[in-house]
Amino acid sequence: MVYLFISRHHADETSPSRTRTPKRETLRNATRQGRGAYLLTLHLLWAAAAVGLYLADLAFNEQARAHLVSTDALAGFFGLFFTIASSTVLLLRWWFSGRILKRLGPIKALYMLPLALACVSLGLNLSAMLETAFWAVFWFAVVGKFFDYVLRYGLHKPAFMVLYQPLPVRQRMAAQTSVEGVADPLATLAVAGVLLAGGYLFPLDAVHVSRLLLAVTVLWLGTVTLMGRRYPRALTEAVSRRVFGAADITLRDQLSLSLVAKGLESTQPSQVIYCVELIERDMPEAMESILLGNLFRDEESLRLDALTRISRLRQRYSLDMVVELAHADPSPRVRAAAVLAWSDVAGDEALDGLMALLDDPDPNLAAAAMIGCLRHGGDRGKAAAMPRLLDLVRSPDPDKRQTAARILGQTKLPTAPRPLFDLLADSQPAVRIEALEAVAALGAFELLHPVLGCLEQRDLRDDAVRALARMGTVVLPDLGRALARSTTSARGRAGIVRAVAQMPGNEATEFLTSLLERQDVGLRPHVLLGLRKRGFVAQGPKIQGVLRLAAQEAGHAAWHLLAMDRLPAHPDMRVLSEALLDEAAAAKERFLVLVSFLLPQGAAAEVRHALLRGNSHGRAYAIEILDRLLPKDLARKLPPLFELRNDATRAAQLRAMTRLGVPDLPDLLTTLVLQPPGTHLGWTSIAALYVMGARPNEVFVPVLQSIQDHADPIVLETLTWALRRHADLTHPAPAGGAYADR
């Protein structure tokens, strides 16, 4: 119950606000309520099992002490008992528990332990009425403990773990922690209370404890029965939710198998495909009949999925059906997929049939036949398909050129880079995108330079990044030279860093860490993000480098915060004040990412969130954590940067963090305008130019004249206005701060 309260409370706090239709909200509430009832049943079941454990232990220990008086005899008995019991558990877990769970399912397996304890408790009570009760009670207590130990750890616990699988992946660990951390202490408290109260009413011997155990097993069996009703419902919902990636189940028992078999008959193609994935993973021997069945389904997506799997698995048993679909299916997409599967399964045996389809009026079918000939047709197939492919490359029709790029990406021909070079320079963006996808599929590093050119175009940038990443670390030296060229734009440099971040291997990590030394505040966030995604942790000599860079970023943030405080309170300063605040915020973000390289990953994420977006208590707690984990000279920089106060003490601390003093306003504006590229975000110098124009001063004229050859058009536009303001001091400033807003 505590877990349910906390999870619901935090779900309401952290869930993103979005507009939901009443139908979706109703479904969401119903799912949440059903999951809450399921979690409550899990807690009750675990608590009942824990109470049974304590009572069985109590009866066993009481009888052992009553019959074995000496300490040596008691120790020898316990040693022998637990040796036999542990060996039996090991044998059961090693050979039988998986088979029993698969045959009976988790619910029937969960019945076995309470039923065994109920039978033993009943036998113990009946034997207490006989003349030989002294030894009969003892052996029933021993047998009861043996059943409890063996069945609990050999069968009951594995079956209970299966009950977590219908829960969403992110919720499983929290649910298990709550079940074991909340239900166990509550069960202990309940047993202690009952025994404490019962001690005044009856003796706590094995007979009376077994009667309590008998009552508990009745409640325990009722809880298992309740779980038997809720588990299939939860598992069915889990299979349905898997469409959206919400659950991850495995085929461990007959119930799961029956639900997946039912899911294969669903009218929702996504649910059917998920069930096929489960079967391919856990029962690959059943794929033959399932894929053949899906080839006859009415849903186009299911036939396409079946053909894709047949092609990948090279399943010849379905070849006749695949050939039939290639010629007779009403869907052009299915026919094309069937041709590809035909060529992949049959290889050169399908060459004659594929060559007959090369000139088919359906372009998708002809393209699939061309791919099959180029992949598996040998010299004869290539001789037939290559002229047609080159005709597509040179075609005036952009759709045909796009098809040519797709074919080149799927055939992996050694001669593919040459026609792709032409297609990367095509006038149509769709053709260039398809060509970039082909380069990504081939990993053709020969096309590095045209792909780098595509980074400058917004609609091609993401595809170009993927293509560069697939080229691998062999292109890192060339990418380093591209980063060093002054002609490479900021977007191009960012794209290169993003691509390197996606490359596997330590070489890419070393390349990114070397870029941290570049004094480019526009590029460094991309480098830091790439390293964070790769799970980079500073070790050895890199620790000192990270500490030095973190100190630099802290000083950068401190200087801009002091500069913002130096500005007079005037509307003309609004834009510059916001720009300086943005510079400080960006530097603090970079500082925290660098600090995260010195911390465990989970702690780093929590601390970063608390410092940037938390309340005052969260920030104070995060600062205290970092104060213990970081070197003292670095930890001292945290309070003035992240505590929201503005007083003389904080200003003194900020001044101590930066080696550069903050000059008066004229010199401050000059410093901001003349900053070298890469040392600021760019907008700051434009805002300083605006202030120069809004407050004409003859000392600004040489500064303004020195940057008239600037390449940034926004800088030049602002500069022109500022020079005009200095030439004619009566020229009015833009009304209402409109230029500043722009």
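Look above for the structure.
Residues numbered from 1 in each chain as written. Predicted model: local features only at pLDDT ≥ 70, side-chain atom pairs only at ≥ 80, totals over all residues. Heavy atoms only, no water.

(A) Region of interest: the overall build of the protein chain. Helices and strands together make up the secondary structure of the protein chain, namely 37 helices and 0 strands. Relative to its full complement of 742 residues, the protein chain shows a buried share of 47%. Within the protein chain, counting contacts between residues at least 6 apart in sequence, those at least 24 apart form 68% of the total. (Helix = DSSP H or I, 4+ residues; strand = E, 2+ residues; numbered from the N terminus. Buried < 20%, exposed > 50% of the residue type's maximum accessible area, 1.4 Å probe, protein only. Contact = heavy atoms within 4.5 Å.)

(B) View of unusual backbone geometry. A positive phi angle, near 55 degrees, is found at Arg-314, a position not held by glycine. Residue class for Arg-314 comes out partly exposed when judged on its relative accessible area of 43%. Despite not being glycine, Lys-412 has its phi angle at roughly 55 degrees, a positive value. Checked against the element boundaries, Lys-412 lands in the loop between helix H17 (398–411) and helix H18 (417–424).

(C) Molecular detail of a nonpolar patch on the surface. On the surface, Leu-91, Trp-94, Trp-95 and Phe-96 cluster together to form a nonpolar patch covering roughly 500 Å² of accessible area. By the secondary structure assignment, Trp-94 is in helix H3 (residues 71–104). For Trp-94, a relative accessible area of 66% corresponds to the exposed category. (Patch = residues over 30% accessible without salt bridge, like charges linked within 9 Å, V, L, I, M, F, W, Y side chains within 5 Å. Areas by Shrake-Rupley, 256 points an atom, 1.4 Å probe, with all protein chains shown as cover. Salt bridge = Lys/Arg side-chain N within 4 Å of Asp/Glu carboxyl O.)

(D) Examining the environment of Met-370 more closely. For Met-370, the position within the fold is in helix H15 (residues 363–376). Between the alpha carbons of Met-370 and Leu-389 there is a distance of 7.7 Å; along the sequence they are 19 residues apart. In contact with Met-370, other than residues within four places in its own chain, are Leu-358, Ala-385, Arg-388, Leu-389, Leu-392 and Ile-407.

(E) Just the pattern of salt bridges, in detail. According to the stated counting rule, one finds 28 salt bridges in the structure shown. Measuring nitrogen to oxygen at the nearest pair gives 3.5 Å for the salt bridge that ties Arg-566 to Asp-664. Remark: Asp-664 occurs in the loop between helix H32 (648–657) and helix H33 (665–673) and Arg-566 occurs in helix H26 (residues 542–566); sequence separation between them is 98 residues. Exposure remark for Arg-566: the relative accessible area of 38% places this residue in the partly exposed category. Residue Asp-664 is classed as exposed on the basis of its relative accessible area, which comes to 52%. Residues joined by salt bridges that share partners form a network here, namely Glu-277, Glu-280, Asp-305, Arg-309 and Arg-312.

(F) Inspection of the packing of aromatic side chains at higher detail. Enumeration according to the criterion identifies 17 aromatic pairs in this entry. Consider the rings of Phe-78 and Phe-82, whose centres lie 6.4 Å apart with planes at 50 degrees: the pair is tilted. Taken together, the positions of Phe-78 and Phe-82, both in helix H3 and 4 residues apart, correspond to about one turn of that helix. Phe-82 gets classed as partly exposed once you look at its relative accessible area, which sits at 31%. Ring geometry for Phe-82 versus Tyr-149: centroids 5.6 Å apart, planes at 70 degrees, classification edge-to-face. With Phe-82 in helix H3 and Tyr-149 in helix H5 (residues 133–162), the pair connects residues that are 67 residues apart, well separated along the chain. Aromatic rings pair up to connect Phe-60, Phe-77, Phe-78, Phe-81, Phe-82, Phe-138, Trp-139, Phe-146, Phe-147, Tyr-149 and Tyr-153 into one cluster. (Phe/Tyr/Trp six-rings, centres within 6.5 Å; stacked < 30°, edge-to-face > 60°.)

(G) Up close: the environment of Leu-307. Residue position: Leu-307 is located in helix H11 (residues 300–313). Accessibility expressed as a relative area gives 1% for Leu-307, which makes it buried. Once residues within four sequence positions are removed from consideration, Leu-307 is found in contact with Leu-295, Val-322, Leu-325, Val-334, Ala-337, Ala-338 and Ala-341.

(H) A look at H15. Here H15 spans 20 Å end to end across 14 residues, near enough to the 20 Å set by a 1.5 Å rise per residue. By the criterion of burial, H15 is predominantly enclosed, with 10 of the 14 residues buried. For H15, the full list of buried residues reads Leu-365, Ala-366, Ala-367, Ala-368, Ala-369, Met-370, Ile-371, Gly-372, Cys-373 and Leu-374. Elements that come into contact with the buried residues of H15 comprise helix H12 (319–328), helix H13 (332–346), helix H14 (351–356), helix H16 (378–394) and H17. The N-capping residue of H15, defined by a side-chain oxygen 3.1 Å from the backbone nitrogen of Asn-364, is Asp-362. Remark: Gly-378 follows H15 within two positions and exhibits a positive phi of approximately 65 degrees. (Expected span 1.5 Å × (residues − 1). Polar contact = N/O pair within 3.5 Å; in protein donor to acceptor, adjacent residues only side chain to side chain.)

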